[in-house]
Amino acid sequence: MTASSSAPQGGGSSDSARSPFVRLNELLAPHQPGKPLISLAVGEPQHPVPDFVGPVLAKHIADFGRYPMNQGTEPFRAAASAWLSSRFKLPRPLDPKTEILVLNGSREGLFLAAIAAARYVGPRPGKPAILMPNPFYPVYGAGASAAACEQIYLPTTVENGFLPDLDAIDEATLARTVAFYLASPANPQGSVARPDYFRRLKQLADRHGFVILSDECYSEIYTREAPGSALECAGPDFTRVVAFQSLSKRSNLPGMRVGFAAGDKRFIGMFLELRNIAAPQVPVPLQHVAIAAYGDEAHVEENRRLYRTKFDLADQIIGNRYGYRRPDAGFCVWLNTSDIGDDVSVCLKLFKEAGVRVVPGSFLARPQPDGFNPGAGYIRLALVQDSETTAQALHRLVETLG
């Protein structure tokens, strides 16, 4: 399954371009859950909000009375830079003034980054393209569409370690590439890019002049080895590399909508110009909470412990069924249920008989030009509930699917 310049813009049906969760709601709406509902569908962390959030907000409540700067406060950018240096083996510390930009959650940043990348890169020979893994976070495709770029999907399968096969991309496609979205840790499979992979991708970006948009929002959810960052292999000036981080998963703050972009200062400068006219600012009190969050690792380690416990349960309850493997990182389980039926039918069965809500893998991907959907035959489970609820859901799944 190669990616080529013949890949159609938007690829696949119009239905596949819609939100997978809207499609899931429509699929299940005519039916009732067979048992009390347990949802493992949405990747919304359910662990407790850190204790320091309330007091920090209360201390800075008056700051809701003024418009924030779109660049972010100096203390926030300094905290983000310091955290990156302590967490990753960077070529040098990032400059908080020119290489860090606050975001209203990484989702907003990943969307607008496609438009900024098209401006950064400039004209391409032929139709400009943005490459992305398949399955993928839907905002990648939305960003590419908004940037008037062709969306080219790179299938991530068990054969290629659930990461895009860089050797399968032809030179004509690379020559017109504007940006390359990479999710590491990957959603939904939990695979992690190693340093040699990041270095290879950086070589391609340098040779062809495109931008690497590295989505690293799951980097702090792991049960064994800590994932690396594309910034570690970006060179001393981080040229053509931008990493995106968020507090949603790391600190159980999905509703707070605070993240940041870090890397290439020329890109960050152009990104800021775009955000100054097109993006919501991040409230200053929330930036103070983020400063506290990036300065505290105890709540993050407790978060990892809770996920570790649930993956231990998955190891025990699922065992070697459905091609299960403990993911390198993230909190999702990617199960191959193709021997039981197509993924949509399996999801319906689990909902109607077991009361367990999961996502069909085909809803998270787009068909390739040859019709192959790399998510078909899989289901995604997000282990976001407490351990007791998770164990109950997994037992129901195994009892229902056999």
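Residues numbered from 1 in each chain as written. Predicted model: local features only at pLDDT ≥ 70, side-chain atom pairs only at ≥ 80, totals over all residues. Heavy atoms only, no water.

**Focus on the pattern of salt bridges**
In a structure, side chains of opposite charge can pair up when their charged atoms sit close to one another.
Part 1 of the argument: Counted by the stated rule, this structure contains 19 salt bridges.
Part 2 of the argument: Notably, a salt bridge pairs Arg275 with Glu108, separated by 2.9 Å at the nearest N-O pair. Placement of Arg275 in helix H9 (residues 265-278) and of Glu108 in helix H4 (residues 106-121) is noted, with a sequence separation of 167 residues between them.
Part 3 of the argument: Among the ionic pairs, Arg305 bridges to Glu302, the shortest N-O distance being 2.8 Å. Here Arg305 pairs with Glu302, and both are found in helix H11 (residues 298-318), just three residues apart, close to one helical turn.
Part 4 of the argument: Connected through salt bridges with shared partners, the residues Arg194, Glu225 and Asp328 form a single ionic network. (Salt bridge = Lys/Arg side-chain N within 4 Å of Asp/Glu carboxyl O. Helix = DSSP H or I, 4+ residues; strand = E, 2+ residues; numbered from the N terminus.)

**Details of the sheet that holds strand S4 (residues 150-155)**
Part 1 of the argument: Taken in spatial order, the seven strands line up as S2-S8-S7-S6-S5-S3-S4 in an open sheet, and their pairing is mixed. Of all strands in the sheet, those with a lone pairing partner are strand S2 (100-103) and S4, marking the two edges. In this sheet, adjacent strand axes meet at a mean angle of 20° when their direction is disregarded.
Part 2 of the argument: Both strand S5 (residues 177-183) and strand S6 (residues 211-215) contribute to a ladder of five bridges, which runs parallel. Bridging from a neighbouring strand, Phe180 pairs with Ile212 of S6.
Part 3 of the argument: Lying over the sheet, H9 contacts S2, S6, strand S7 (241-246) and strand S8 (259-263), oriented at roughly 35° with respect to S2. (Pairing = 2+ DSSP bridges. Axes fitted to C-alpha atoms, helices over the stretch in contact; angles between N-to-C directions. Contact = heavy atoms within 4.5 Å.)

**Things to note about the side chain of Ser219**
Part 1 of the argument: Note on placement: Ser219 falls in the loop between S6 and S7.
Part 2 of the argument: Here Glu220 takes part through its side chain, which lies 2.6 Å from a polar atom of the side chain of Ser219.
Part 3 of the argument: At 3.0 Å, the side chain of Ser219 forms a polar contact with the side chain of Gln245.
Part 4 of the argument: Once you skip the residues sitting within four places of it in the chain, Ser219 turns out to touch Arg87, Phe88, Pro185, Pro227 and Gln245. (Polar contact = N/O pair within 3.5 Å; in protein donor to acceptor, adjacent residues only side chain to side chain.)

**Topic: the side chain of Ser362**
Part 1 of the argument: Relative to the helices and strands, Ser362 is located in the loop between strand S11 (359-360) and strand S12 (378-382).
Part 2 of the argument: When near neighbours in sequence (up to four residues on either side) are disregarded, Ser362 contacts Arg23, Asp343, Val344, Asn373, Gly375 and Ala376.

**Looking at H11**
Part 1 of the argument: If you check H11, its first and last C-alpha atoms are 30 Å apart, about what 21 residues at 1.5 Å a residue would give, namely 30 Å.
Part 2 of the argument: Restricting attention to buried positions, one finds in H11 the residues His299, Val300, Asn303, Arg304, Tyr307, Lys310, Phe311, Leu313, Ala314, Ile317 and Ile318.
Part 3 of the argument: Packed against the buried residues of H11 are helix H8 (247-250), helix H10 (284-294), strand S9 (332-336) and helix H13 (387-401).
Part 4 of the argument: Gly319 sits one or two positions beyond H11 and adopts a positive phi of about 60°. (Expected span 1.5 Å × (residues − 1). Buried < 20%, exposed > 50% of the residue type's maximum accessible area, 1.4 Å probe, protein only.)

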